[in-house]
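Chain by chain, the residues:
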Amino acid sequence: MPEITEFTQADLQADGAALAAQIIDNVLRPHPPLRTVVVLEALVMLYRFHAQTLSPHAIGLCSLTLAELAGELLKASTATQVPGCNAIH
């Protein structure tokens, strides 16, 4: 694996896809679908605790990834309205 300062967005996506496959196989499949929310919370907590040790370049990559995810989640939350469960933002 290259040093974090040499990571490109393509490197991040490739390594992220490999790790995501491991998480799906070992954490999500054996448990109910709600577990996805728990895994997302754990990953955000990991980022918050670990970010203190990252280089500015790595923090920038993480920030872009989290911002992209936030945008996708906000968009998805307004796409399908479920009675009594309307998105607030």
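Thresholds applied
The numbering scheme is per chain: residues are counted from 1 as the chain's sequence reads. Where totals are concerned, whole chains, interfaces and linings use all residues; where local detail is concerned, this predicted model gives features only for residues with pLDDT of at least 70, and gives and counts side-chain atom pairs only at 80 or more. To obtain the side-chain values, all non-hydrogen atoms of the structure were used and water was disregarded. To qualify as a helix, a DSSP run of H or I must reach at least 4 residues; to qualify as a strand, a run of E must reach at least 2; elements of each kind are numbered from the N terminus. Only protein chains enter the calculation, and the probe is 1.4 Å; a residue is then buried if its accessible area is under 20% of its type maximum, exposed if over 50%, and partly exposed in between. Contacts are assigned to residue pairs that have any heavy atoms within 4.5 Å of one another. Surface accessibility in these figures is a Shrake-Rupley result with a 1.4 Å probe; residues are shielded only by whichever protein chains are displayed. Each salt bridge in this description consists of a side-chain nitrogen of Lys or Arg and a carboxyl oxygen of Asp or Glu lying within 4 Å of one another. For each structure, a 1 Å grid was placed over the protein atoms alone; sets of points admitting a 1.4 Å probe that cannot get out are labelled cavities, open sets with protein on both sides within 12 Å along at least five of seven lines are labelled pockets, and lining residues have an atom within 4 Å of a point. Grid points are joined across faces, edges and corners, and a volume is the space filled by probe spheres set on the points. When residues are grouped by polarity, Ala, Val, Leu, Ile, Met, Phe, Trp, Tyr, Cys and Pro land in nonpolar, Asp, Glu, Lys and Arg in charged, and all others, Gly among them, in polar. In this analysis, axes come from line fits to C-alpha atoms, helices being fitted only over the stretch in contact, and the angle between any two N-to-C directions falls in the range 0 to 180 degrees. Small angles under 35 degrees read as roughly parallel and large ones over 145 as roughly antiparallel, with 65 to 115 read as roughly perpendicular and the rest as oblique. What makes a crossing left-handed is the near helix being turned counterclockwise from the far one by less than a right angle; a clockwise turn instead makes it right-handed.

J.: Explanation requested: the overall build of the chain in the structure shown.
T.: Along its length, the chain carries three helices and zero strands. Taken from the N to the C terminus, the helices and strands of the chain come in the order α-α-α. Looking at the chain as a whole, 6% of its 89 residues qualify as buried. Considering only intrachain contacts with a sequence separation of at least 6, the fraction spanning at least 24 residues in the chain is 32%. With the model as given, the accessible surface of the chain reaches about 7000 Å², and the carbon-plus-sulfur share is 67%.

J.: Would you mind showing me how to read the pattern of salt bridges here?
T.: Working definition: two side chains of opposite charge can pair if their charged atoms are close together. If you walk through the whole model with that rule in mind, you get one salt bridge. For Arg-29, the salt bridge identified is with Asp-25, shortest N-O distance 2.4 Å. Looking at Arg-29, the relative accessible area reads 62%, which means it is exposed.

J.: Hey, could you run me through the layout of surface pockets in this one?
T.: Think of a ball as big as a water molecule: rolled over the atoms, this probe shows where empty space is left. Counted as a void, the largest pocket has a volume near 1200 Å³. Lining the largest pocket we find 30 residues, and of these Leu-12, Gly-16, Leu-19, Leu-43 and Thr-65 sit closest to its centre. In terms of residue count, the dominant contributor to the lining of the largest pocket is helix 1 (residues 9-28) (ten residues). Counted by class, the lining of the largest pocket contains 21 nonpolar, six polar and three charged residues.

J.: How should the packing of helix 1 against helix 2 (residues 35-50) be read in this particular structure?
T.: Describing two packed helices takes the angle between their axes plus the distance from one axis to the other. One way to put it is that helix 1 packs onto helix 2 with a least axis distance of 11 Å and a crossing angle of 125°. Here helix 2 runs oblique to helix 1, going by the angle between their axes. Our pair here, helix 1 against helix 2, has a crossing hand that is right-handed. On helix 2, the residues touching Ile-23, Val-27 and Leu-28 of helix 1 are Arg-35, Thr-36, Val-39 and Leu-43. Taken together, the residues that form the contact of helix 1 with helix 2 break down as five nonpolar, one polar and one charged.

J.: Please explain the packing of helix 2 against helix 3 (residues 56-79) as it appears in this structure.
T.: The N-to-C vectors of helix 2 and helix 3 enclose an angle of 155°; their axes lie 12 Å apart at closest approach. The angle between helix 2 and helix 3 falls in the class roughly antiparallel. Remark: the crossing between helix 2 and helix 3 carries left-handed chirality. Along its contact with helix 2, which presents Leu-40, Val-44 and Tyr-47, the element helix 3 presents Ile-59, Cys-62, Ser-63, Leu-66 and Leu-69.

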